[in-house]
Amino acid sequence: MDSRKVILLIGALFVAAITAFMARSLIMGTSAPQAGAVPGAPAPVPAGPKVLVATRALPVGTILDPGSVKFQPWPAELVEGAYYQETADFDMRSVLGTVVRNQITAGQPITQGALVKPGDRGFLAAALGPGMRAVTVPVSTQSSVAGFVFPGDRIDLLLTQSVEGGGDGPPLRVAETILRNLRVLATDQRTNQEKDETGNTVVHAFSTVTIEATPKIAEQIAVAQTMGTISLSLRSIADNTAELEQAIASGDVKVPEGSDPKAERAMILQLASAPQAGDPTYAVGADVSRFQRRTVPGRPQQQSMMVPNAPSAVGPTPYPGAPARVSGPVVRIARGNNVTEVPVGGKN
């Protein structure tokens, strides 16, 4: 091969290398076009009438309160005759206090057949959760938080009693929280919160309260009424959060695996709606006053028996025929609750 062809070949390779380098630089330097998100137009508001919808999921037995429902525009072609519509003569108080008969999801319109009104047949049965019972407890103004307990609230039950024991001393006075997180269904015959003309809640004194309980707890309430005085203790809404953390720490509640929000809400709802029994807390009289007892009075010790015409070790009897205290060894004979002391080894 002559030198001319070699030079041409080297030149071609050099030009090809430069061309490849320049092409690579152009490709790497040019950024790929990025797709920009075009802000979408807001969803059009339905041009129909406003209907009553649920603001959250409403399980069966939920008592409606002002935060459970609201009016929302709805397409006119989808409005059914059974929907509650916002009109000039509609009174929201006619819906508040009713009980959900069928489960309603969040955002779903509420139909008239899905609610049971107070006074309707089966109202109380619809308010009960599956497997629950309704129990009525007599209370007084002092033991019912002065009437500031309304249907839908959560309460604890306190039992106050006096324990006599077997002795002659003063009885032991004790109060204990026997049941927790019970839902109030009705106070007397009222199943909703009564409002005045300005929208404020009207407070009434009541003599009975009907609560939701499991069959076992219902039996415990029936027994507790025969033992002492029943009092109500209104619970804070924040108590459920603290008890949830305690239940998770103790292992009583199993946290669902993963990060499913529906499973977590179901766990919280289950704990918040479950009545609780066991592990009662209590306070005795000595916790309140230093002049009260801390324990149950015990049975006093038996004294020596007085035997007529028996010689006394401490001296003669004060008068003829007077009984003298027996000294020396004795045998105690118990017949039921009666204890008799018989001297042994002495003179008769």
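Look up: the structure comes first, before these words.
Below, the structure is looked at part by part. Computed from a predicted structure; not experimentally measured.

Let's talk about the nonpolar core
Core analysis: the largest hydrophobic core is formed by 21 residues, its most contacted members being I155, L157, L182, V209, I211 and I221. Sequence-distant contacts of I221, defined by excluding residues within four places in its chain, comprise V135, V137, L157, L179, L182, I211 and A213.

Brief notes about the side chain of D156
Residue placement: D156 occurs in strand β6 (residues 154–163). D156 sits in the buried class, given a relative accessible area of 11%. Polar contacts involving the side chain of D156 include one to the main-chain amide nitrogen of N181, which spans 3.0 Å. Among all residues touching D156, those that are not within four sequence positions of it are T177, L179, R180, N181, S231, L232, S233 and R235.

What to know about the pattern of salt bridges
Across all of its chains, the model carries 6 salt bridges by this definition. The shortest N-O distance in the salt bridge between D91 and R93 comes to 3.3 Å. Between D156 and R235 there is a salt bridge whose closest N-O contact spans 3.0 Å. Taken together, the residues D156 in strand β6 and R235 in the loop between β9 (229–234) and α4 (239–250) connect sequence positions 79 residues apart. According to the relative accessible area criterion, R235 is buried, its value standing at 9%.

A closer look at the packing of aromatic side chains
Taken as a whole, this structure holds 2 aromatic pairs when the rule is applied. Between F71 and F90, the ring centres sit 5.5 Å apart and the planes meet at 85 degrees, which makes this aromatic pair edge-to-face. With F71 in strand β2 (residues 69–73) and F90 in the loop between β2 and β3 (99–100), the pair connects residues that are 19 residues apart, well separated along the chain. Members of the aromatic cluster, each reached through a chain of ring pairs, are F71, Y84 and F90.

Side note on helix α3 (residues 215–227)
Helical geometry note: an α-helix holds 3.6 residues per turn, so side chains three or four residues apart project in the same direction. Relative to the 18 Å expected for 13 residues at 1.5 Å per residue, α3 spans 19 Å between its end C-alpha atoms, a close match to the ideal helical length. Burial in α3 covers these residues: I217, A218, I221 and A224. Each buried residue of α3 lies within a common arc of 120 degrees when the element is viewed along its axis, so the set occupies one face. Of the exposed residues in α3, the ones pointing more than 90 degrees away from its buried face are K216 and T226. Each element contacted by the buried residues of α3 is listed here: β5 (133–138), β6, β7 (172–187), β8 (208–213), β9 and β10 (276–284).

Description of unusual backbone geometry
Within the chain, N181 stands out as a residue other than glycine whose phi angle is a positive 60 degrees. Here N181 is to be found in strand β7.

Concerning the environment of Q72
Counting through the fold element by element, Q72 comes out in strand β2. Q72 sits in the partly exposed class, given a relative accessible area of 28%. Here the alpha-carbon distance between Q72 and E86, two residues 14 residues apart in the chain, equals 9.0 Å. Look past the residues within four positions of Q72 in its chain and what remains in contact with it is P49, K50, V51 and V53.

Conventions adopted
- Residues numbered from 1 in each chain as written.
- Predicted model: local features only at pLDDT ≥ 70, side-chain atom pairs only at ≥ 80, totals over all residues.
- Heavy atoms only, no water.
- Core = buried A, V, L, I, M, F, W, Y, C linked by side-chain atoms within 4.5 Å.
- Buried < 20%, exposed > 50% of the residue type's maximum accessible area, 1.4 Å probe, protein only.
- Contact = heavy atoms within 4.5 Å.
- Helix = DSSP H or I, 4+ residues; strand = E, 2+ residues; numbered from the N terminus.
- Polar contact = N/O pair within 3.5 Å; in protein donor to acceptor, adjacent residues only side chain to side chain.
- Salt bridge = Lys/Arg side-chain N within 4 Å of Asp/Glu carboxyl O.
- Phe/Tyr/Trp six-rings, centres within 6.5 Å; stacked < 30°, edge-to-face > 60°.
- Expected span 1.5 Å × (residues − 1).
- Arc of directions from axis to C-beta.

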